[in-house]
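# A closer look at the structure
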Amino acid sequence: MSKNPMIETNIKRFCENLDMEYQVSFIKNYSQIGDSELYGGKHCGSDAEHRGSEYIKTELETLGLDHVEMLPCSTSRYQFRDAALKVKGQERVIKPYGYVSPGTDEKGITAQLVDVKKSVKEVYETCEVKGKIALLEAMGALESGNLAGQIEEAVLHGACAAVIYATEDILNDETIRVQTPSLSNNIPIVGICKKDADYLKEELKQKSSLKVTLTVDAEFIPDGGTTYNVVGEITGALSEEAIVYSAHLDHFFSCLQDNMSSCASLLGIAKAMKASGYVPARTIIFAFHGSHETGRTDTRYPYIHGSYKLVHEAKPQWTGKVIANINFE
């Protein structure tokens, strides 16, 4: 196959204009926008997610992209700020992270803590949890579809709150893993690390009854929230067709991998294209969608709510024109 000098030139110019320092700087700045001072995060429909969308919109405009828009769509809203779990009579304060669920009032919930293990139906045959706080072990990430069932068993049997910890698929014993079960919770649910869970289980062994107080500063609105999808283009010269580069802009925790690094990659690609002077034949669309963590709580696929709304409601004209979508996750 003969070489194409134009393609070679465009690739060379693109590589020469890749700016890794810009991408690192974006991640550092973007990570400062968060719901929680301790854990960060930009949850679905939260104030921090909105600020994140505005930040990306400004970046796209600064890079000189065409037709930059911040497009609203309806979604759930979860605003997490802080949480604390304290054993009565102990000085130690555990700092949980919030699942998508309601908060408490300032006094919190004081109740007996009960270890419901993996919260399967058989456990409750010998375990009374009504009006109590359930401590449960989340199944592994590959079993995450069952987490909703674990939570629902605790709710079905009358638990007034749930404290979840993971023993698998974690970096270390101080790692909190929070997932996105697709159900609308009506009790406060938080995640803690294995180290704190081991402490609580040891206290349970030593006492016939263990009272704890859980306070959660959070707002959960299953309906009536708003998320913002952000798009910008490098206009094509010859074709009505388009190629979409996409990534979700919301995230749990101040996490580099999921999904700030992907947002940085898209912006880095856009910056290099513009700086190199590249004019594509097809329009290149950069789409950053919200409502991934977690979009709707009444669907099996809560993580595609924002992108679904973008394609089917905000930009139905893309149908038949977009020939490829390259998604970064």
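Here is a short report on the structure shown in this document. Note that the structure is predicted; figures quoted are calculated from it, not measured.

With that out of the way, let us pick up the pattern of salt bridges. According to the stated counting rule, one finds 15 salt bridges in the structure shown. Asp 47 is the partner of Arg 77 in a salt bridge, and the nearest nitrogen-oxygen pair spans 3.2 Å. Here Arg 77 is found in strand 1 (residues 66-87), whereas its partner Asp 47 is found in helix 3 (residues 47-63), with 30 residues between them in sequence. Through salt bridges that share partners, Asp 47, Arg 77 and Glu 219 make up one connected network.

So, about the environment of Phe 80. Within the fold, Phe 80 resides in strand 1. A C-alpha to C-alpha distance of 9.0 Å links Phe 80 and Lys 42, two positions 38 residues apart in sequence. When neighbours within four sequence positions are excluded, Phe 80 is seen to be in contact with Asp 35, Ser 36, His 43, Pro 96, Tyr 97, Gly 98, Val 216, Asp 217 and Ala 218.

With that settled, consider the nonpolar core. Core analysis: the largest hydrophobic core is formed by 54 residues, its most contacted members being Val 116 and Leu 200. Looking at this core, the elements that each hand over two or more residues are strand 1, strand 4 (109-115), strand 5 (133-138), helix 4 (147-156), strand 6 (161-166), strand 7 (189-191), helix 5 (194-206) and strand 8 (211-234). Excluding its chain neighbours within four sequence positions, the residues that come into contact with Leu 200 are Leu 85, Val 87, Ile 94, Leu 113, Leu 135, Ile 192 and Leu 210. In this structure, Leu 65, Ala 247, Leu 249 and Leu 267 belong to the second largest nonpolar core, which totals 28 residues.

In terms of residue burial, strand 9 (residues 242-248) counts as a mostly covered element, since seven of its seven residues are buried. Burial of strand 9 is two-sided: the residues Ala 242, Val 244, Ser 246 and His 248 facing one way and the residues Ile 243, Tyr 245 and Ala 247 facing the other way are all buried. As defined by bridge partners, strand 9 adjoins strand 10 (residues 283-289) across seven bridges and the pair is classed as parallel. Bridge pairing links Tyr 245 to Phe 286 in strand 10. Crossover connection from strand 9 via helix 6 (residues 256-276) to parallel strand 10: handedness right-handed. Two elements, strand 9 and strand 11 (residues 322-328), share six bridges in a ladder whose sense is parallel. Paired with Ser 246 across the bridge in strand 11 is Asn 327.

Another aspect to go through is the environment of Tyr 55. One can find Tyr 55 in helix 3. Between the alpha carbons of Tyr 55 and Leu 267 there is a distance of 12 Å; along the sequence they are 212 residues apart. Setting aside its immediate chain neighbours within four residues, Tyr 55 contacts Phe 26, Asn 29, Tyr 30 and Ile 33.

A separate point is unusual backbone geometry. Of note in the backbone geometry, Lys 117 takes a positive phi value of approximately 55° without being a glycine. Turning to its location among the elements, Lys 117 is positioned in the loop between strand 4 and strand 5. The class of Lys 117 is exposed, set by a relative accessible area of 52%. Residues other than glycine seldom take positive phi values, yet Ser 119 does so here, at roughly 55°.

What counts as what
- Residues numbered from 1 in each chain as written.
- Predicted model: local features only at pLDDT ≥ 70, side-chain atom pairs only at ≥ 80, totals over all residues.
- Heavy atoms only, no water.
- Salt bridge = Lys/Arg side-chain N within 4 Å of Asp/Glu carboxyl O.
- Helix = DSSP H or I, 4+ residues; strand = E, 2+ residues; numbered from the N terminus.
- Contact = heavy atoms within 4.5 Å.
- Core = buried A, V, L, I, M, F, W, Y, C linked by side-chain atoms within 4.5 Å.
- Buried < 20%, exposed > 50% of the residue type's maximum accessible area, 1.4 Å probe, protein only.
- Pairing = 2+ DSSP bridges.
- Right-handed = clockwise from strand over helix to strand, strands pointing away.

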